[in-house]
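# What the coordinates show
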Amino acid sequence: MFKVKKYTLLGGLKVVLVQMPDSPTTTVQVLTETGSKYETDKERGLSHFLEHMCFKGTKQRPSALGISRALDELGAISNAYTSTEVTAYWAKASFEHTLKMIDIISDIYVNPIFKKEDLEKEKGVITEEINMYKDQPQAMVGEAFDLAMHGSQPAGLPVIGNKKSVNSFKIKDFYNYRTKHYVRDATTVVIAGRIKEKEVLSAIKKGFSKISRSKKHGKKKTSITYHAPRVVHTHKDTDQAHIILGLRSFPYNDKRNKILALMTGVLSSGMSSRLFHKLREELGICYYVRAHISPSTDHGEFGVSSGVDPKRIDHAVKAIMDEFRKLKTELVPLEELKKVQTSLVSKIRMSLETSSSVLDYFANRSIFYRDLKDPKQIEKDILSIKSKDIQNLAKEIFNDKDLILAVVSKSIDKNKLQKLLKF
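Numbering of residues starts from 1 in each chain and follows the order in which that chain's sequence is written. Note on the predicted model: pLDDT of at least 70 is required for a residue's local features to be given, and 80 or more for side-chain atom pairs to be given and counted; whole-chain, interface and lining totals, by contrast, use all residues. For the side-chain quantities, the full set of heavy atoms in the structure was used; hydrogens and water were omitted.

Now for the overall build of the protein chain. To qualify as a helix, a DSSP run of H or I must reach at least 4 residues; to qualify as a strand, a run of E must reach at least 2; elements of each kind are numbered from the N terminus. Of regular secondary structure, the protein chain possesses 16 helices and eleven strands. Just to be clear, the radius of gyration here is over C-alpha atoms, and the globule rule we use is 2.2 Å times residues to the power 0.38. Since a compact globule built from 423 residues should have a radius of gyration of about 22 Å, the 23 Å found for the protein chain is in line with a globular shape. If you line up the protein chain on its principal axes, its C-alpha atoms span 60 × 50 × 35 Å. Accessibility here uses a 1.4 Å probe with only protein chains present; expressed as a share of the type maximum, an area under 20% marks a residue as buried, one over 50% as exposed, and anything in between as partly exposed. A buried classification covers 54% of the 423 residues belonging to the protein chain. Contacts are residue-level and defined by heavy atoms, with any inter-residue pair within 4.5 Å sufficient. A fraction of 80% describes how many contacts in the protein chain between residues 6 or more apart in sequence connect residues 24 or more apart. Residue exposure ignores everything except the shown protein chains as possible cover, and the areas themselves are Shrake-Rupley values with a 1.4 Å probe. Accessible surface, the protein chain: about 19500 Å² in total, of which carbon and sulfur atoms supply 52%.

Fitted lines through C-alpha atoms serve as axes, helices being fitted only where they are in contact, and the angles separating the N-to-C directions of these axes extend from 0 to 180 degrees. The N-to-C vectors of helix α1 (residues 46–53) and helix α4 (residues 116–134) enclose an angle of 125°; their axes lie 11 Å apart at closest approach. By the criterion of interaxial angle, the relationship of α1 to α4 is oblique. Here α1 and α4 pass one another in a crossing that is right-handed. For the pair formed by α1 and α4, the contact residues are H48, F49, H52 and M53 on the first element and D118, L119, E122, K123, V125, I126 and E129 on the second. Tallied by class, the residues present in the contact of α1 with α4 amount to five nonpolar, two polar and four charged. Geometric relationships in this document are graded by angle, where less than 35 degrees denotes roughly parallel, more than 145 denotes roughly antiparallel, 65 to 115 denotes roughly perpendicular, and other angles denote oblique. Left-handed describes a crossing whose near helix is turned anticlockwise from the far helix through less than a right angle; right-handed describes the clockwise counterpart. Gly is put with the polar residues, along with every residue not named as nonpolar or charged; the nonpolar set is Ala, Val, Leu, Ile, Met, Phe, Trp, Tyr, Cys and Pro, and the charged set is Asp, Glu, Lys and Arg.

Pairing between strands requires that DSSP locate at least two bridges from one strand to the other. The six strands are arranged β1-β2-β6-β3-β5-β4 in an open sheet whose pairing can be described as mixed. The open sheet has two edge strands with one neighbour each: β1 (3–9) and β4 (77–82). The mean angle between the axes of side-by-side strands here comes to 15°, regardless of whether they run parallel or antiparallel. Pairing of strand β3 (residues 25–32) with strand β6 (residues 187–193), which is carried by seven bridges, proceeds in the antiparallel orientation. Residue pairing across strands places Q29 opposite V190, the latter belonging to β6. Sheet contacts for helix α13 (residues 355–369): β1, β2 (13–19), β3, β5 (87–94) and β6; angle to β3, the most-contacted strand, approximately 25°.

By secondary structure assignment, the location of Y89 is in strand β5. Along the backbone, Y89 and V166 are 77 residues apart, and their C-alpha atoms lie at a distance of 21 Å. A polar contact of 2.7 Å, which involves the side chain of Y89, links it to the side chain of Y182. Pairs of N or O atoms are called polar contacts if they sit within 3.5 Å, as long as, within protein, a hydrogen donor faces a hydrogen acceptor (for residues adjacent in sequence, only side-chain-to-side-chain pairs).

Time to look at the packing of aromatic side chains. Ring pairs are drawn from Phe, Tyr and Trp, using the six-membered ring of Trp, whenever the two centres fall within 6.5 Å, and their geometry is named by plane angle: stacked under 30 degrees, edge-to-face over 60, tilted for the rest. The full count for this structure, using the stated rule, is 19 aromatic pairs. Consider the rings of F55 and Y89, whose centres lie 5.9 Å apart with planes at 40°: the pair is tilted. Here F55 is found in the loop between α1 and α2 (64–72), whereas its partner Y89 is found in strand β5, with 34 residues between them in sequence. Between Y109 and F208, the aromatic rings sit 6.1 Å apart at their centres with planes inclined by 55°, giving tilted as the arrangement. Placement of the pair is Y109 in helix α3 (residues 98–110) and F208 in the loop between α8 (197–207) and β7 (230–235), with a sequence separation of 99 residues. Take Y109 and F208: they sit in the same class, and that class is buried. One aromatic cluster in this structure is built from F49, F114, F169, F174 and Y175. Criterion for a charge above a ring: Arg CZ or Lys NZ at most 6 Å from the ring centre, at most 35 degrees from the ring normal. Sitting over the ring of F95, R194 keeps its end group 3.8 Å from the ring centre.

Structure representation (structure tokens):
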């Protein structure tokens, strides 16, 4: 299906090439190992703001219009993203334009220029982006859950920052932050699609020849503090209550994550899954419900999210807690286990149908796992898990330490909900 090779260029720049001979497109991405967890208190939201500013102009293309026109001439789609630990820039187009995409993306990454007039305009843009998330209760409940789990350390705060920090930034802040984090040894270039290897490697060397060789600045390890089960509520005048019920899990490289992934599938993979059937089909109290895992390099979270009838939040919480307990006390029947394994394997295969999705998979493996594990091995891992493995893990993680219920709604009966948070 594809062939993967890894290189080190320019004395430290990591390169991953994924050859997809039949792909009509190629996707190019450059990632740096920095995000909101690398920020100081005065830098809250700077990683994300910098990502925006890099598209405002470069030495070769001195305006945002120049960059967007260069990409549009290729018929490319392009964007960037910032997370807690990674910032990435990417473009995708027909495979004939691979070298030109490398030139544009490397230019954005290596040679940005920051102008005061662009900074002031973008402050308004990001302020409105913050306002947008404040209007989305599903985003708000995620922020509330993170804050309850981690407090005011970076893992508990929004990647986007806050209005005060965003409006305080000056041009020098962007240059200083780039100097600390946009450096050769923290940068990975990943390209997936129909690739002419020698030409691509040559283009990468040229495009990144001026990348900084400075020493990379690190981040503080996330502090883990356990608390008793608790309910956190954010008031918002909504017709639906949005909830996350969750607890701590594991960092990326923990072997228990593959079992947790299967447990998550038992709970919410497909319309016959336990939570979907219970909350939507049987109780009729929600439209969506999903279990999810959020690993990081030094911690992880597991949670169940749903939007429910505000008058029946307690019914939803009780139903979810019952399913957690059931995983602890009963083995998943073999027929159900095989159904979920088949579902997860199919989803892996469907998630690898395009050059961009294949790139995402190998970028994630390279950055967070420090390997290029073949997806077929992931499938084997899933198929090797037994019902007893799931039960043992459920007994381990489903306990009263740091069990959090985050709710965004008009009002709640906090005492009533608190009483439900017991295993």
